[in-house]
Amino acid sequence: MPSAAASRPLASEIDILEPTITAPQSNPPKQYLTRGTPGYRKASLALFMSGYSTFALLYCVQPLMPIFADEFKVSPAMSSLSLSLSTGLLALAIFCAAAISERFGRRSLMFCSLMGASLCTLACAVMPSWNLILVIRALEGLLLGGVPAVAMAYLSEEIDPKGIGAAMGLYIAGNALGGMSGRVFTGILAEYLSWRVALAVIGAFGIAAAIGFFTMLPPSRNFKPRRSNASHHVSAWLGHVKKGPLALLFLIGFLLMGSFVTIYNYSGFRLVVEPYHLNQTELGLIFTAYLCGVGSSWVGGTLSDRFGQFQVMMAGIILMFSGLMTTLASPLILIILGIAMLTAGFFMAHAVASALIGRLAGSNKGHASSLYLLAYYLGSSIAGSIGGKFWSAGGWSAVITFTGIMLALALVAGQTAYFLSCRKAR
């Protein structure tokens, strides 16, 4: 039998060896960008700039649709393809963008997307035929797919969860301001110079914005590029679709964007004919209603951090519906007021829904964002074109009926998603 003295060195050796066989340490805590820090301000401004440029490039053709219909002898529904093709291809490209960013990183992909889309807008300015313009606009949509989903994923990964509502609201505010600027400046330049000069100016601005974005955005700290196979991506997407509240949020994105784009697409056709006879400059100025979206998206995001995201999102949808009904009036001032209300409600609801996606997704946030934006831009593409059929068949009242049904469905879907999320939390 070994003595007690002999056993002590053995025990000491065991004590020394034990730390080498303990379980591996957990992952280090995430390093978030918190409100008030320089990194937070740079990230917020860079992503505001990316949203501004994306929407300016995407929607700069919207006030030009009556010009396209006249110059190229196409129908209103056909002229809307200059936008619908871009948003439709963008929706599909978002799937690829989510997977590609997992391999090559967030910032590089967003920069390449912004730069490529800007060059496409410059190319559209010199295209001699309608078919070539549509081809370039389709390519532009594919390239822009690398921005929205990746930007939402970056915000969800890098921003302190306590401030995600305000940060997402500021990003969506950039979307609103870019959408307004692209439409307003394009309309004014087309009136006094030409639509080709207008597109060239927007494209040149996009190049400058892409460079500014890349130099300001801090590199990701909570995400590392990694290789993954197709089954990983399919599994991640299917997992999100099976979550009831998330699936309903995807549907809401489709319905809200479809309603919003339909109203903006065909209000131009309504206002250039009697009794209004607005010119391109006046029509472009209608889009200053986007300023309501700039404020409401930030306010909505901030309020959602305090009062609840579902509640603020539903309030935004109700405001959209109220604005929609107001546009049925004949006086121009009431039509403009209705468009402003619709815009404010849309960006409020969209900003909050975007933040909800990141909160409810859990893991694989980029995949969840890509599904939401797939539905979002498919709504723009599909409903935006279908709305032209309603316009041709029954005028503005038919357009209102079509969009009113979509907003009613969005209200039902939002209330159902809220109940499901509450039941899951119990």
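Cut-offs and rules
Residues numbered from 1 in each chain as written. Predicted model: local features only at pLDDT ≥ 70, side-chain atom pairs only at ≥ 80, totals over all residues. Heavy atoms only, no water. Helix = DSSP H or I, 4+ residues; strand = E, 2+ residues; numbered from the N terminus. Contact = heavy atoms within 4.5 Å. Areas by Shrake-Rupley, 256 points an atom, 1.4 Å probe, with all protein chains shown as cover. Buried < 20%, exposed > 50% of the residue type's maximum accessible area, 1.4 Å probe, protein only. Polar contact = N/O pair within 3.5 Å; in protein donor to acceptor, adjacent residues only side chain to side chain. Core = buried A, V, L, I, M, F, W, Y, C linked by side-chain atoms within 4.5 Å. Domains from an automatic or database assignment. Expected span 1.5 Å × (residues − 1). Axes fitted to C-alpha atoms, helices over the stretch in contact; angles between N-to-C directions. Parallel < 35°, antiparallel > 145°, perpendicular 65-115°, else oblique. Nonpolar A, V, L, I, M, F, W, Y, C, P; charged D, E, K, R; others polar. Salt bridge = Lys/Arg side-chain N within 4 Å of Asp/Glu carboxyl O. Phe/Tyr/Trp six-rings, centres within 6.5 Å; stacked < 30°, edge-to-face > 60°. Left-handed = near helix turned anticlockwise from the far one by under 90°.

J.: Please provide a residue-by-residue account of the overall build of the protein chain, values included.
T.: Check the secondary structure of the protein chain and you find 17 helices and 0 strands. Long-range contacts, defined as pairs at least 24 residues apart, comprise 84% of the intrachain contacts of the protein chain with a sequence gap of at least 6. Looking at the protein chain as shown, the accessible area adds up to about 17500 Å², and 69% of this sits on carbon and sulfur atoms.

J.: Talk me through unusual backbone geometry; I want residue IDs and the actual numbers.
T.: Omega for the bond connecting Glu-274 with Pro-275 falls within 30 degrees of zero, at 5 degrees, which places this linkage in the cis form. Structurally, the position occupied by Pro-275 is in the loop between helix H12 (244–271) and helix H13 (280–286). Its identity is not glycine, yet His-277 carries a phi of approximately 55 degrees, on the positive side. Among the secondary structure elements, His-277 is positioned in the loop between H12 and H13. Classification of His-277 as exposed rests on a relative accessible area of 53%.

J.: Provide a residue-level description of the side chain of Ser-82, including the pertinent values.
T.: If you trace the backbone, Ser-82 turns up in helix H5 (residues 81–104). Among the polar contacts made by the side chain of Ser-82, one reaches the main-chain carbonyl oxygen of Ser-79 at a distance of 2.8 Å. With near-sequence residues (within four places) excluded, Ser-82 lies in contact with Val-61, Met-65, Phe-68, Trp-130, Leu-134 and Arg-137.

J.: Which residues make up the nonpolar core, and what are the values?
T.: Formed by 123 residues in total, the largest nonpolar core has its most connected members in Leu-47, Trp-195, Leu-256, Phe-260, Met-313 and Tyr-377. With 19 residues, the top contributor of residues to this core is helix H17 (residues 365–425). Here this core spans two domains, since at least three of its residues come from each of domain 1 (36–224) and domain 2 (229–425).

J.: Any chance you could break down helix H6 (residues 106–124) for me, citing the residues and the numbers?
T.: Here H6 contains 19 residues, and its C-alpha end-to-end distance of 27 Å stays within 8% of the 27 Å for a straight helix at 1.5 Å per residue. Listed as buried for H6 are Arg-106, Leu-109, Met-110, Ser-113, Leu-114, Met-115, Gly-116, Ala-117, Ser-118, Cys-120, Thr-121 and Cys-124.

J.: Describe the packing of H6 against helix H7 (residues 130–144), with residues and values.
T.: H7 packs onto H6 with a crossing angle of 170 degrees between their chain directions and a minimal axis gap of 8 Å. For the element pair H6 / H7, the angle class is roughly antiparallel. Across the interface between the two elements, Ser-113, Gly-116, Ala-117, Cys-120, Thr-121, Ala-123 and Cys-124 from H6 touch Ile-133, Ile-136, Arg-137, Leu-139, Glu-140, Leu-143 and Leu-144 from H7. Counted by class, the contact of H6 with H7 contains 9 nonpolar, 3 polar and 2 charged residues.

J.: Can you lay out the pattern of salt bridges for me, pointing to particular residues and giving the numbers?
T.: Side chains carrying opposite charge are able to pair once their charged atoms draw close together. A complete count under the given rule lists 1 salt bridge for this structure. Note that Arg-137 is salt-bridged to Glu-140, the shortest N-O span being 3.5 Å. Here the residue Arg-137 and the residue Glu-140 both occupy positions in helix H7, the gap between them amounting to 3 residues, near one helical turn. An identical accessibility class is assigned to Arg-137 and Glu-140; each is buried.

J.: Give me the lowdown on the packing of aromatic side chains, citing residues and values where you can.
T.: The geometry of an aromatic ring pair is captured by two quantities: the separation of the ring centres and the angle between the planes. Here the structure, examined in full by the defined rule, presents 18 aromatic pairs. Geometrically, the ring pair formed by Phe-346 and Phe-347 is edge-to-face, given 4.9 Å between the ring centres and 75 degrees between the ring planes. Each member of the pair, Phe-346 as well as Phe-347, is classed as buried.

J.: Report on the packing of helix H2 (residues 38–59) against H7, specifying residues and quantitative values.
T.: Where H2 contacts H7, the axes come no closer than 11 Å and their chain directions differ by 160 degrees. Relative to H7, the element H2 is oriented roughly antiparallel. For the crossing formed where H2 meets H7, the hand is left-handed. Of the residues in H7, those in contact with Thr-54, Leu-57 and Leu-58 of H2 are Arg-137, Glu-140 and Leu-144. Class assignment of the residues belonging to the contact of H2 with H7 gives a composition of 3 nonpolar, 1 polar and 2 charged.

J.: Would you mind going over the environment of Leu-143 in detail, with residue names and values included?
T.: Mapped onto the elements, Leu-143 comes out in helix H7. It is 9.3 Å that separates the C-alpha atoms of Leu-143 and Ile-94, two residues lying 49 residues apart in sequence. Each residue touching Leu-143, except ones within four places of it in the same chain, is listed here: Ser-113, Gly-116, Ala-117 and Cys-120.

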